[in-house]
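Chains, contacts and geometry: an overview
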Amino acid sequence: MALLEIRQRTGYMLLAVILGHLVLISAQVTTPGSAGKSVLEAVTFGIFSEIQRAAANGFGGVRDAWEGYIALRGVQAENEVLRREVAGLRIRLQEEKAVAEQSLRLQRLLAMRERLPIATTAARVIAGDATSGFRTVTIDKGTADGLRVDMAVISPDGIVGRVIRAGVRAAMVQLLIDRDAGAGALIARSRAGGVVVGVEGDPPLRLDYVTNLADVRTGDVVVTSGNDRIYPKGVVVGRVEAAERGAGLYKSIKVRPAVDYGRLEEVLVVVGPPGGASIEGKE
Amino acid sequence: MKAARVMLAIAVALAMQTTLAGLTFGSRTALDLVLVVVVFTGLAYGPGAALFAGTVGGLAQDALAGRIIGVTGLAKSLVGFFSGVIGSQFIVTQPLPRFTVFMLATMAHEFCTRGLYALLAPGGFIFQWAPVLGQGIANGLVGIVAFQVVELLPGAVQRRRLGRGGIRPRVHE
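Keep in mind that what you see is a predicted model, and the values were worked out from it rather than measured. (Residues numbered from 1 in each chain as written. Chains lettered and ligands numbered in written order. Predicted model: local features only at pLDDT ≥ 70, side-chain atom pairs only at ≥ 80, totals over all residues. Heavy atoms only, no water.)

Description of the overall build of chain B
Quick reminder of the rule: Runs of E in the DSSP output that reach at least two residues are strands. Runs of H or I that reach at least four are helices, and both are numbered from the N terminus. Burial status follows relative accessibility: with a 1.4 Å probe on protein chains alone, a residue under 20% of its type maximum counts as buried, one over 50% as exposed, and anything between as partly exposed. Pairs of residues are marked as contacts when any of their non-hydrogen atoms sit within 4.5 Å. Residue-level accessible areas treat just the shown protein chains as cover; the underlying method is Shrake-Rupley with a 1.4 Å probe.
If you tally the helices and strands in chain B, you get 6 helices and 2 strands. In chain B, the succession of α and β elements from N to C terminus is α-β-β-α-α-α-α-α. For chain B, buried positions account for 42% of its 173 residues. Of the contacts formed within chain B by residues at least 6 apart in sequence, a portion of 67% connects residues at least 24 apart. When the accessible surface of chain B is totalled, it reaches about 9,500 Å², and 69% of it is carbon and sulfur.

This is the structure in structure tokens:
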């Protein structure tokens, strides 16, 4: 046993001596391409550079893990703040967009009002009524502003409806697409006359009482005729979407309204003489 | 004490080696007295002592010769260690086995030295048998003589002292 220990100790000594000599030799020897550095320096640098690389990778991994996961607790709070800020900015953007759109609409309304030869007053839609079949909106002008029942309501896109109830500071407007609404109308191209009425369905307007002999084509513009003594003559109602020969004397004509009744916001109320006025050719 | 003796022997060997630098066999030094001391130490004291002797002696030779320090040291350390192993594993007490060990040690030392230089410097591995064999024979002879002197000298001195005192040692015939 003791002999074995001695041999082991001697073996370790031999190993140490060999290593010591190798280190000593390599400290004095240079290799081609080592730029004058000794083998010891080159090997030491090589080994330590690998250790440094491994350490850097290790620390980099820890740092990435820290930044990617643990530090996310702070990021979460920051994210929440930013999310709220984005939501606020989105709302603000929507508001700005709405203001811009409103400004555009008002500009168009003002331009139309200036062009029209009849007296009008601008009003804002403050409430709607989407009850099926009975379609009305409430505007913010009333008798205090000179409004009365049966006054026509128009928009830059075309005819909207008529005032059916007038309060002091507000009025109810029956839209032309209401099933009880109607207006004298004619085909702008062929001057074939009839009555446009509201219907339930799509499209929500129908042009009645146009004889089968009349020249009506799909795409023809339908305008008010002024015969009803409510709406000024020449206001756009819509376009013919389908025109078929009817079973009786009259054609079956479907009309797509020019006004988007779902997005009414500002309108003009014709406060001038109820009938006889014509805006045809002036829009 | 053992270390001191080894150090003293190496110092003497180095001194003699430098004195005998002009004695060559072919293109090589005919004798390597430091190697003789190292192998002697291995055979007499074992691998540990020989390792120490080889390291010290080889490094000193490298330093004095102005070569790469460590090459001869490593070669002598290895040779000394394995000489010690042979000395401790086998009965190497007769002149012929000792001579053989010195011969083999010389060749191994030369082989290691040339091999290391071939690795470290351009020029390739050059091993010339004749000079190495000549050096091996010379080292072996010197080693045997050294063993004889070391082993017989104490007895001769004692006999001489006894002879001066008028006492004759008993001789069994």
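So, next bit.
Focus: the interface of chain B and chain A
To keep it simple, the criterion reads: Each of two parts loses accessible area, computed with a 1.4 Å probe, when they are put together; buried area is these two losses added. Whenever Lys or Arg places a side-chain nitrogen within 4 Å of a carboxyl oxygen from Asp or Glu, that contact is recorded as a salt bridge. Whenever a nitrogen or oxygen atom comes within 3.5 Å of another N or O atom, the pair is scored as a polar contact, on the condition that within protein one atom can donate a hydrogen and the other can accept it, and that pairs from neighbouring residues in sequence are kept only if both atoms are in side chains. Gly is placed with the polar residues, together with every amino acid not listed as nonpolar (Ala, Val, Leu, Ile, Met, Phe, Trp, Tyr, Cys and Pro) or charged (Asp, Glu, Lys and Arg).
The interface is formed by 17 residues belonging to chain B together with 12 residues belonging to chain A. Buried area between chain B and chain A, summed over both chains or domains, comes out near 1,200 Å², and the portion from carbon and sulfur atoms is 80%. At the boundary of chain B with chain A, the tally comes to 0 salt bridges. Here chain B and chain A share 3 residue pairs in polar contact (both at pLDDT 80 or more) between them. Considered class by class, the residues forming the side of chain B that touches chain A number 10 nonpolar, 6 polar and 1 charged.

Topic: the pairing of strand β5 (residues 171-175) of chain A
Across a regular strand the side chains alternate sides, sitting on one face of the sheet and then on the other. All names here are of chain A. Worth spelling out the cut-off: Strand pairing requires that DSSP identify at least two bridges connecting the strands.
Most of β5 is tucked away: 4 of the 5 residues are buried. Pairing between strand β2 (residues 136-139) and β5: 4 bridges, direction antiparallel. Counterpart to Thr-136 in the pairing with β5 is Gln-174. Sheet topology places strand β4 (residues 158-166) next to β5; 5 bridges connect them, and they run antiparallel. Looking at the pairing, Val-163 lines up with Val-173 of β5. Counted along the chain from β4 to the antiparallel partner β5, the turn is 4 residues long.

A closer look at the packing of helix α2 (residues 33-45) of chain B against helix α5 (residues 95-120) of chain B
Residues and elements named next belong to chain B. Applicable threshold: Interaxial angle, 0 to 180 degrees, is taken between N-to-C directions of lines fitted to C-alpha atoms, where a helix line uses only the stretch in contact. Comment on the angle field: the value is read as roughly parallel under 35 degrees, roughly antiparallel over 145, roughly perpendicular from 65 to 115, and oblique elsewhere. Left-handed describes a crossing whose near helix is turned anticlockwise from the far helix by less than a right angle; the clockwise case is right-handed.
α5 packs onto α2 with a crossing angle of 125° between their chain directions and a minimal axis gap of 10 Å. Here α2 is positioned oblique relative to α5, judged by the angle of their axes. Helix-helix and strand crossings are classified by hand; for α2 and α5 the assignment is right-handed. Facing Leu-35, Val-36, Val-39, Phe-40 and Leu-43 of α2, the residues of α5 in contact are Arg-98, Val-101, Phe-102, Ala-105, Thr-106 and His-109. Of the residues in the contact of α2 with α5, the class split is 8 nonpolar, 2 polar and 1 charged.

Considering the side chain of Asp-208 of chain A
All names here are of chain A. Within the secondary structure layout, Asp-208 lies in strand β8 (residues 205-208). Within polar-contact distance, the side chain of Asp-208 engages the side chain of Arg-206 at 2.7 Å. Filtering out sequence-adjacent residues up to four positions away, Asp-208 remains in contact with Gly-194, Val-195 and Val-197.

As for the nonpolar core
Residue and element names in this part refer to chain A. Counted only if it meets this: For our purposes a nonpolar core is just a set of buried Ala, Val, Leu, Ile, Met, Phe, Trp, Tyr and Cys residues, chained together by side-chain atoms within 4.5 Å.
Core analysis: the largest hydrophobic core is formed by 46 residues, its most contacted members being Ile-139, Leu-176 and Leu-207. The element best represented in this core is strand β12 (residues 266-270), accounting for 4 residues. Dropping the residues within four chain positions of it, Ile-139 is found in contact with Ala-123, Arg-124, Val-125, Ile-126, Leu-147, Arg-169, Ala-170, Ala-171, Val-173, Val-267 and Val-269.

Examining α2 of chain B
Residues and elements named next belong to chain B. Which entries qualify depends on this criterion: Helix span is expected to be 1.5 Å times the residue number reduced by one.
Taking 1.5 Å per residue as the helical rise, α2 with its 13 residues ought to reach 18 Å, and the 18 Å between its terminal C-alpha atoms agrees with that figure. Of all 13 residues in α2, 11 are buried; the element is thus mostly enclosed. What α2 keeps buried is the set Leu-33, Val-34, Leu-35, Val-36, Val-37, Val-38, Val-39, Phe-40, Thr-41, Gly-42 and Leu-43.

Points about the sheet that holds strand β7 (residues 193-198) of chain A
Consider a sheet: its strands pair through backbone hydrogen bonds, and that pairing is either parallel or antiparallel. Residue and element names in this part refer to chain A. Ordered by their spatial adjacency, 6 strands build a closed barrel running β6-β7-β8-β11-β10-β9, and the pairing between neighbours is antiparallel. Along the sheet, successive strands turn relative to each other by an average axial angle of 40°, direction set aside. Here β8 runs beside strand β11 (residues 252-257); their pairing, made up of 3 bridges, is antiparallel. From the neighbouring strand, Leu-207 faces β11, where its bridge partner is Ile-253.

Some thoughts on the environment of Ala-30 of chain B
When you line up the elements, Ala-30 of chain B lands in the loop between β2 (28-29) and α2. Separated by 106 residues in the primary sequence, Ala-30 of chain B and Gly-136 of chain B place their C-alpha atoms 8.5 Å from one another.

A look at the pairing of β11 of chain A
Residues and elements named next belong to chain A. The two faces of β11 differ: Ile-253, Val-255 and Pro-257 on one face are buried, but Ser-252, Lys-254 and Arg-256 on the other face are not. Here strand β10 (residues 236-244) pairs with β11 via 6 bridges, running antiparallel. Each residue of the ladder has a partner; that of Ala-243, found in β11, is Ile-253.

Here we look at the pattern of salt bridges
When the charged atoms of two side chains with opposite charge come close together, those side chains can pair. Residue and element names in this part refer to chain A. This model, assessed by the stated rule, comprises 16 salt bridges over all chains. In this structure, the salt-bridge partner of Arg-189 is Asp-215, at a minimum N-O distance of 2.8 Å. Taken together, the positions of Arg-189 in the loop between β6 (182-187) and β7 and Asp-215 in the loop between β8 and β9 (221-224) put the pair 26 residues apart, joining distant regions of the chain. With a relative accessible area of 38%, Arg-189 lands in the partly exposed category. Within this structure, Arg-189, Asp-215, Arg-217 and Asp-220 form a network of salt bridges that share partners.

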